[in-house]
Every structure is written in structure tokens, then in C-alpha cells.
Amino acid sequence: MSYNNRPTLFALFFIMLVITVMGMSPKAFGTELPKIVPKKKITIIKFGVYASDNSNVLYNKLRPILDHIQGEMAKKLRTKVKIPLIIYPSYDSGRLAIVRGDIDIGRFGVASTIIAQRENPKIGVVAVENRISREKMHGSIIVSAFHTDVNSLEDLKGTTFAFGNPRSTTGHYIAKYELVKAGLRASDFRHTAHFKKHVDVFNQVALGNYEAGTLKTTAVNRYNKSGLVKVLIQFKSPSKTWLMREGFPPKLLDYLRPILLGKWNPRLIKEIKISGFSPYIPRQYEEARQAVDKIGDFDAK
């Protein structure tokens, strides 16, 4: 064989070797190439709420509920579901988050629900919370300091009065609406003021800085263990709603709503003082709408 043919033979041998190797499984070399695993899809549903009370307390109350919903939604969707909890510092910032679509769903008081739906009529209601019992259907309570002679609505004339946040259903809208119905207006009080949170109102009345004030039922039950304030009258108000943003996916709603309306473990929801959820019935909120619309009557002369 001529030496001149050797390069050609070597080239032919190399080509055959490459073809053989390419046709072999990686396992033939004692190793296996890493598999490319596609990332699992994650469904994120942003949940928002405003801090009407201590943010840490609120987080600890709601997180177990959202964890349960996450798990049930994951079963139905057959994919991972994550529901981050966003706590906004004020009523307005929380309400605007659902109005603008910054969050997907959220828990709101009655007045915030009414105002938000007027600002964006395409906001929907997923469900309404059920309070634990009929006895606790009262949402707004007017109280007075224990040591005062204020024992009825008639005794409020000429006193100092502490209201809650100007966006609060029970601490502002319902209370002023009911006071007007009872014939009382701002001019009948010696002085009135608003405070950011329910605990602030309680402390102002309990310490004697104000002779009377208005609180939500749960705040009285929580803070009045020592009987520092006395209840003058209670007013009913509808329950909190769970709202959904404009354009919330119908498929997610079809899975989410039955979870809320289904049977709940009392251990998960006892901290927010509810027994479960019910469908939204607009007519049950009609008087609350009047309270929002007529809020200016209290300050009218």
C-alpha cells in the first residue's frame, strides 16, 4: 500500500468512528446527559387587605385560611398555587389596589366595598363572610366610659365623641348614619374627632379622654375584658366581602368560589370570627349604601 493513501484511510476511519459513537446511547459511556426538565407552572393569586388593626395579628389570622385555599386550588388546577398576602397601611391604599387591579382578590369592609365598586363597576364579589352567630350580627357599637353618666343616646348631647377611621364602616359611616337617625348631629357634641384604628378609639374612651365613641363588635370583645367601657347601643351592619378585580379569570373563580362556600374547619376561621362564607346578596347592603351616601348629613347644620 502506498504511503500516499494513508491520510485518506485515516479520514475514512475517523468518519466511521464518529458515526458509530453518535449512534450509541450515552449510557454506553457509563454516564448520562442531564435531562432538561421544564419548569412547573405556578398560578399566583395576589390577596390584599388593609390594616384596620395590628398588621402582625391580621397576618396570623389570614395566613392559615390562604394556605388552605392554596392547597385546594392546587388540587383542582393540578399545578402549584401561591397566594401572597399583601397588607396595605390604609383603607384607601387597600381599596385602590383592587380598583386598579394590583391585587386579584381581597377582603374588604362594607363601605370600602361600596366605594370600590362605584370607582370600578367591574369589580365583583366572590363571597361574603358569615359571622359566628346571630348574637354577633351587630357590627357597630356606641360605648361610653364606665365612670361617666352617659347611659343612652340622649345623654350624648354636649359630650365629646371619638369616631374611627373616616373610611371605616362601623367606626364612621354606620355610626354617623345611626346618630343622625336618632336626631344627633355634629353640632350636638362638644367635640368630635377621628382616630386611625379601633384600638385607638377604645383607649381614648377607656382612659377618659373622650366620653363616648364607636367601635366594631370584635374590638369591644377583644379590648374590654376589664369592663372599662359600657355599651350604649348596637347597630347591625353587613359582613365583610371578598372582592375580585376586574378581569379575574373565570376558570379561577369557578374553582375559588366553591372552596369559600364549602365546609370549613372551624379551627382555620375562628380567629376572624366567622363560621364560613355565603353568596353575595346586594339588597342586604342597601342600608349601608344609604349610610355612605348620607354621610354628609351628620355635619349639616
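Residues numbered from 1 in each chain as written. Predicted model: local features only at pLDDT ≥ 70, side-chain atom pairs only at ≥ 80, totals over all residues. Heavy atoms only, no water.

Trainee: Describe the overall build of the protein chain, listing the residues and the values that go with them.
Mentor: From N to C terminus, the protein chain includes 10 helices and 13 strands. The proportion of buried residues among the 301 residues of the protein chain is 45%. Here the analysis covers contacts within the protein chain between residues at least 6 apart in sequence; of these, 79% occur between residues at least 24 apart. Carbon and sulfur atoms make up 55% of the accessible area of the protein chain, which amounts to about 16,700 Å² in all. (Helix = DSSP H or I, 4+ residues; strand = E, 2+ residues; numbered from the N terminus. Buried < 20%, exposed > 50% of the residue type's maximum accessible area, 1.4 Å probe, protein only. Contact = heavy atoms within 4.5 Å. Areas by Shrake-Rupley, 256 points an atom, 1.4 Å probe, with all protein chains shown as cover.)

Trainee: How would you summarise the environment of Y59 if you had to cite specific residues and measurements?
Mentor: Inspection of the secondary structure assignment puts Y59 in helix α2 (residues 55–77). Judged by its relative accessible area of 36%, Y59 is partly exposed. Remark: the alpha-carbon pair of Y59 and I86, spanning 27 residues in sequence, is separated by 8.9 Å.

Trainee: Pulling in residues and values, what's your account of the pattern of salt bridges?
Mentor: Here the structure, examined in full by the defined rule, presents 14 salt bridges. Its salt-bridge partner being D92, residue R95 comes within 2.7 Å of it at the nearest N-O pair. Note that R95 and D92 are positioned in helix α3 (residues 91–100) at a spacing of 3 residues, about one turn of the helix. Residue R190 pairs with E211 through a salt bridge whose shortest N-O separation is 3.2 Å. Taken as a pair, R190 in the loop between α5 (169–181) and β9 (191–194) and E211 in the loop between α6 (198–206) and β10 (212–216) lie far apart in primary sequence, 21 residues in all. On the basis of relative accessible area, R190 is assigned to the exposed category, the value being 56%. The exposure class assigned to E211 is partly exposed, which follows from its relative accessible area of 22%. Taken together, the shared-partner salt bridges connect D92, R95, E119 and R167 into one network. (Salt bridge = Lys/Arg side-chain N within 4 Å of Asp/Glu carboxyl O.)

Trainee: Before we move on, could you go through a positive patch on the surface and cite the residues and values that matter?
Mentor: Taken together, K225, R267, K270 and K273 make up a surface patch of like positive charges. Since its relative accessible area comes to 39%, K273 is described here as partly exposed. (Patch = residues over 30% accessible without salt bridge, like charges linked within 9 Å, V, L, I, M, F, W, Y side chains within 5 Å. Lys, Arg positive; Asp, Glu negative; His and termini not counted. Charge placed at Lys NZ, Arg CZ, Asp CG, Glu CD.)

Trainee: Give a detailed account of unusual backbone geometry, specifying residues and quantitative values.
Mentor: Even without glycine at this site, R78 takes up a positive phi of about 60 degrees. Mapping R78 onto the fold places it in the loop between α2 and β3 (80–82). For R78, a relative accessible area of 79% gives the class exposed. In this structure, K273 is a non-glycine residue whose phi angle is positive, near 60 degrees. Following the sequence through the fold, K273 ends up in the loop between α9 (266–269) and β13 (274–278).

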